[in-house]
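One letter stands for each residue in the lines below.
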Amino acid sequence: MKKFKVKIRTLTPLWTGDVEGKSEKLKLTGIIGSLRWWFEALVRGMGYYACDSTSDNKCKVEIKKPEDIGKIHEKICPVCFIFGATGWKSRFSVNLENDSLQKPYNGKVVVKINDSRGWHYEAGLMGEATLVFQYDEFYLKEDLKFSEVFPSILKILLYLIQEHGMLGAKTSMGYGVVKFKLNESDFTIAESDWENFKKYLNLFDKNFKKEVRNLPNLKDMFFIKLKINDNFDNILENIKSFYRLQDGIVEGDIDKWKDSGWLITSPVVRKTIRREIKSKFNSNNDLRHFLMGKVKGKNSTFSSIQVSHVYTTNKNLEFRIYGWLPDKQPLKDKVQNILNLLSQLFNDVPWREKLPSQIQQGICWQDRNLKLLNSCENIQNLFLQEGENQ
């Protein structure tokens, strides 16, 4: 059994809820679920099939004799091969070491902008921990060991989340911006890592397709970062009026957030984006709910546009926005209009009064216009160009 240790540090609170809807401790099942979601999107973006692991059409295998294992890649998708499926166990496990994650505050913060119903922010977890990935050493084929390619696959996956996405649950509410380190060094992706990833994918047949519903694909996604042109104290003072403190939180608790280098700001940006989308597509509730989500008890829906809180990185303040915009219902034939609307928002920065910001060089930003990854850069450049610039 081989080991791969990664230190994780939170830049905004991390949420991995338990059965009671709390996040008192880091739940590794929540981390694995989030890793799987991003890996599915990445594999689909590379042109390979990744099943819907929540549907009846998910991968299932039956191994009756030893030689069936050698042909497993013919019966299962690249994601299920690593993360497991019915009849096939996960090829790795995760344990936790040096866990210093704890709540940044007690109680709950309710953010109310104008007459909105408000966003309810429980603490989540902040701090550092070490994730220990353990994985098997076996041959994928005669001249290729799983232990040779898995570390590269894992590095690519973690780098994607670190640089462009978010980890865990409640990412639409700003949770889950994290930083990873390997052997106390920042992550970079080498050409050899990418070659190992392609060697792994090449084991699987691109023509192996099953019917699958509309699911996240990296090629249908955009990623952008915005830099805050102000200091932490001024930003805090600008947005403090939105906070309603509950369950014993006092104003001094909010002031302590600057020690951790983050602020609850996601609602300020989400409110603006939602308002502009409603104005542009007023009669299309399905489209608006797909883009920004809907909160209604058990009928709550996923938001395809995610907005992080403001966080500190390299002594600068920034936040990130990413989204999945498939040219399928309810977005069919409207994707370019949505991108144009977002481009206008990001150029004009309508939240400037509260969060003065400007666009950083983004992977999907060209000539003052936002583009999907498929039209902007190939997926390899998403990793290697950034890695070379560090």
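Fair warning: this is a prediction, and the values are worked out from it, not measured in the lab.

A. Structural view of the side chain of His309. Within the element layout of this structure, His309 appears in the loop between β13 (305-307) and β14 (310-313). The class for His309 is buried, based on a relative accessible area of 1%. Looking at His309, its side chain comes within polar contact range of the main-chain oxygen of Met173, at 3.0 Å. Looking at His309, its side chain comes within polar contact range of the main-chain nitrogen of Thr265, at 3.2 Å.

B. Molecular detail of the pattern of salt bridges. Applying the stated criterion across every chain yields a total of twelve salt bridges. Between Glu97 and Lys5 there is a salt bridge, with its nearest N and O atoms 3.2 Å apart. Of this pair, Glu97 sits in strand β2 (residues 92-97) while Lys5 sits in strand β1 (residues 2-10); the two residues are 92 residues apart in sequence, bridging distant segments of the chain. Salt-bridge contacts for Arg36 lead to Glu40; the nearest nitrogen and oxygen are separated by 3.4 Å.

C. Region of the structure containing the pairing of strand β5 (residues 128-135). Judged by how many residues are buried, β5 sits mostly within the fold: seven of eight residues are covered. Summarising the sheet, β1 and β5 pair through eight bridges and their orientation is antiparallel. Residue pairing across strands places Lys3 opposite Gln134, the latter belonging to β5. Examined bridge by bridge, β2 and β5 share six bridges and lie antiparallel to one another.

D. Molecular detail of the nonpolar core. In terms of nonpolar packing, the biggest core is built from 133 residues, with Phe39, Tyr200, Leu218 and Ile321 touching the most fellow members. Ranked by residues supplied to this core, first place goes to helix α3 (residues 146-163) with eleven residues.

E. Main features of unusual backbone geometry. With an omega of 5 degrees, the peptide bond between Gln329 and Pro330 qualifies as cis. As for its position among the elements, Pro330 is in the loop between β15 (316-324) and α10 (335-348). Despite not being glycine, Asn183 shows a phi value in the positive range, around 55 degrees. Of note, Asp333 is a non-glycine position whose phi angle comes to about 65 degrees, a positive value. Looking at the element boundaries, Asp333 is found in the loop between β15 and α10. Judged by relative accessible area, which is 62%, Asp333 ranks as exposed.

F. Looking closely at empty space enclosed by the protein. Overall, the coordinates contain three cavities of 30 Å³ or more when judged by the stated rule. Of the voids in this model, the largest cavity is the one considered here, and its volume is about 50 Å³. Looking at the largest cavity, the residues that line it are Leu35, Phe39, Ile82, Phe83, Phe92, Phe133, Phe150, Ile153, Leu154 and Leu157. Listing elements by their share of the lining of the largest cavity, those giving two or more residues are α1 (28-45), α2 (78-83) and α3. The class makeup of the residues in the lining of the largest cavity is ten nonpolar, no polar and no charged.

G. Representation of the sheet that holds β2 in the model. One open sheet holds the five strands; their spatial order is β2-β5-β1-β8-β9, and the pairing between them is antiparallel. The strands lining the two open edges of the sheet, one partner per strand, are β2 and β9 (185-186). Sheet contacts for α1: β2 and β5; angle to β2, the most-contacted strand, approximately 130 degrees. Contacts from α3 reach β1, β2, β5 and β8 (178-182) within the one sheet, and its direction differs from that of β8 by about 150 degrees.

The rules behind the values
- Residues numbered from 1 in each chain as written.
- Predicted model: local features only at pLDDT ≥ 70, side-chain atom pairs only at ≥ 80, totals over all residues.
- Heavy atoms only, no water.
- Helix = DSSP H or I, 4+ residues; strand = E, 2+ residues; numbered from the N terminus.
- Buried < 20%, exposed > 50% of the residue type's maximum accessible area, 1.4 Å probe, protein only.
- Polar contact = N/O pair within 3.5 Å; in protein donor to acceptor, adjacent residues only side chain to side chain.
- Salt bridge = Lys/Arg side-chain N within 4 Å of Asp/Glu carboxyl O.
- Pairing = 2+ DSSP bridges.
- Core = buried A, V, L, I, M, F, W, Y, C linked by side-chain atoms within 4.5 Å.
- 1 Å grid on protein atoms, 1.4 Å probe; cavity = no way out; pocket = protein on both sides within 12 Å on 5 of 7 lines; lining within 4 Å.
- Points joined across faces, edges and corners; volume = space filled by probe spheres on them.
- Nonpolar A, V, L, I, M, F, W, Y, C, P; charged D, E, K, R; others polar.
- Contact = heavy atoms within 4.5 Å.
- Axes fitted to C-alpha atoms, helices over the stretch in contact; angles between N-to-C directions.

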